[in-house]
Amino acid sequence: MAIPPVLLLFLLFDPVTTHGFRHCGSAAATNPTPPAVPPPPATPWRHHVFLNFRGPDVRHTFADHLYYALVRKGIKAFSDDRDLPPGQSVAEAIPRAIEESKLSVVVLSRGYASSEYCLDELVKIMQTVKEKGHQAFPVFYRLTPDDVVDHDDFDRHKRVFSYERVDSWSRALTDIADIAGWVLPSDRYSFHPNNNL
């Protein structure tokens with residue numbers, strides 16, 4: 001399966017502040033004491049991308065392809081099955097990895113809404129988007145933005161989990177479905193700038 005090139009393009013774009021260096025032939029080249037140039041700011045990100053997906057749906061298909069395509073391009077991607085050291089608390093490591101990532105790619109699949117772990121991660125992602133300027137990009141894998149919330153899954157969740165938790169999941173799913181993303185109905189892909197059309 002090919003990785004959408006446009007997805008790779010936005011991941012590769014990393015606006016870095018460059019300070020005004022002058023090259024050969026400029027006034028600075030003849031100046032014996034060039035002005036001090038401050039070092040570029042240190043990046044607060046440990047990972048470029050946090051991958052959020054439901055393992056049984058896409059781990060050995062789309063998510064693996066995406067992960068390895070990013071790594072080949074020199075992009076540091078976090079995936080829980082590869083980057084969590086044995087013995088580390090998942091409850092602490094995943095939220096920290098989200099906060100330490102520049103952006104998240106959320107792969108929404110048919111079974112995504114059935115997983116409380118995926119939904120908890122999504123709530124953290126959307127919270128980090130709102131509070132810290134994190135970016136989130138949805139990939140609708142073999143479904144459309146309208147299919148994201150599976151009402152059967154949420155009926156089951158309402159019987160097991162608190163109203164507040166289920167409500168936060170529903171709001172996070174609504175928020176991510178409203179972000180422009182990629183719809184992958186099969187092995188082909190397309191970018192939909194307005195998911196509400």
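Right above here is the structure, for reference.
Just so we're clear, the structure is a prediction, and the values are computed from it rather than from any experiment.

Criteria and thresholds
Residues numbered from 1 in each chain as written. Predicted model: local features only at pLDDT ≥ 70, side-chain atom pairs only at ≥ 80, totals over all residues. Heavy atoms only, no water. Helix = DSSP H or I, 4+ residues; strand = E, 2+ residues; numbered from the N terminus. Buried < 20%, exposed > 50% of the residue type's maximum accessible area, 1.4 Å probe, protein only. Pairing = 2+ DSSP bridges. Right-handed = clockwise from strand over helix to strand, strands pointing away. Contact = heavy atoms within 4.5 Å. 1 Å grid on protein atoms, 1.4 Å probe; cavity = no way out; pocket = protein on both sides within 12 Å on 5 of 7 lines; lining within 4 Å. Points joined across faces, edges and corners; volume = space filled by probe spheres on them. Nonpolar A, V, L, I, M, F, W, Y, C, P; charged D, E, K, R; others polar. Polar contact = N/O pair within 3.5 Å; in protein donor to acceptor, adjacent residues only side chain to side chain. Axes fitted to C-alpha atoms, helices over the stretch in contact; angles between N-to-C directions. Parallel < 35°, antiparallel > 145°, perpendicular 65-115°, else oblique. Left-handed = near helix turned anticlockwise from the far one by under 90°.

Asks: Is there a simple way to think about the overall build of the protein in this case?
Replies: A tally of helices and strands in the protein yields 8 helices and 6 strands. In the protein, which comprises 197 residues, the share counted as buried stands at 40%.

Asks: Looking at this structure, how should I read the pairing of strand 4 (residues 135–141)?
Replies: Side-chain direction in a regular strand flips from residue to residue, so the side chains alternate between the two faces of the sheet. Counting buried positions along strand 4 gives 6 out of 7 residues, so the element sits mostly inside the fold. By the bridge criterion, 6 bridges tie strand 3 (residues 101–108) to strand 4 in an arrangement that is parallel. Of the residues in strand 4, the one forming a bridge with V105 is F137. Crossover strand 3 to strand 4 through helix 6 (residues 116–132) is right-handed. Here 3 bridges tie strand 4 to strand 5 (residues 181–184), and the two strands are oriented parallel to one another. Residue pairing for strand 5: F140 is matched across the bridge by V183.

Asks: What am I meant to see in unusual backbone geometry here?
Replies: Among all residues save glycine, negative phi is the norm, and among peptide bonds the norm is trans. The phi torsion at R142 lies on the positive side, around 60°, for a residue other than glycine. Among the structural elements, R142 can be located in the loop between strand 4 and helix 7 (151–160).

Asks: I keep staring at the environment of D120 and nothing clicks. Help me out?
Replies: Positionally, D120 belongs in helix 6. Of the residues examined, D120 reaches a relative accessible area of 31% and is grouped as partly exposed. Each C-alpha atom, one on D120 and one on A91, is 10.0 Å from the other, the two residues being 29 residues apart in sequence. Sequence-distant contacts of D120, that is, excluding residues within four places in its chain, are made with R165 and W169.

Asks: Explanation requested: the layout of surface pockets in the structure shown.
Replies: With a probe scaled to a water molecule rolled over the atoms, the places where space remains empty come into view. A volume near 390 Å³ is recorded for the largest pocket. In terms of lining, the largest pocket is formed by 22 residues, of which the most central are D80, V90, Y117, C118 and E121. Of all elements in the fold, only strand 1 (47–53), helix 3 (55–72), helix 5 (90–99) and helix 6 reach the threshold of two or more residues within the lining of the largest pocket. Looking at the lining of the largest pocket residue by residue, the classes come out as 13 nonpolar, 3 polar and 6 charged.

Asks: It is not clear to me how the side chain of N52 should be interpreted in this structure. Could you clarify?
Replies: Along the chain, the position of N52 falls in strand 1. Looking at N52, the relative accessible area reads 0%, which means it is buried. Of note is the side chain of N52, whose polar atom sits 2.4 Å from the side chain of Y112. Sequence-distant contacts of N52, that is, excluding residues within four places in its chain, are made with V105, V106, V107, Y112, C118, E121, L122 and I125.

Asks: Teacher, can you tell me more about the packing of helix 7 against helix 8 (residues 163–177) here?
Replies: When two helices pack together, their arrangement is given by the angle between the helix axes and the distance between those axes. Two elements in contact, helix 7 and helix 8, have axes separated by 10 Å at closest approach and are oriented at 155°. Relative to helix 8, helix 7 is oriented roughly antiparallel. For the pair helix 7 and helix 8, contact is made by F154, H157 and K158 and by V166, W169, S170 and L173, respectively. In the contact of helix 7 with helix 8, the residues fall into 4 nonpolar, 2 polar and 1 charged.

Asks: Would you explain the packing of helix 6 against helix 8 in this entry?
Replies: Put simply, helix 6 and helix 8 touch, their axes get as near as 9 Å, and they point 65° apart. As for how helix 6 packs across helix 8, the hand of that crossing is left-handed. Contacts from E116, L119, D120, L122, V123, M126 and K130 in helix 6 reach R165, S168, W169, A172, L173, D175 and I176 in helix 8.

Asks: Help me understand the environment of H48, please; the structure alone is not making it clear to me.
Replies: For H48, the position within the fold is in strand 1. For H48, a relative accessible area of 28% gives the class partly exposed. Excluding residues within four positions of it along the chain, H48 makes contact with G74, I75, K76, S101, K102 and L103.

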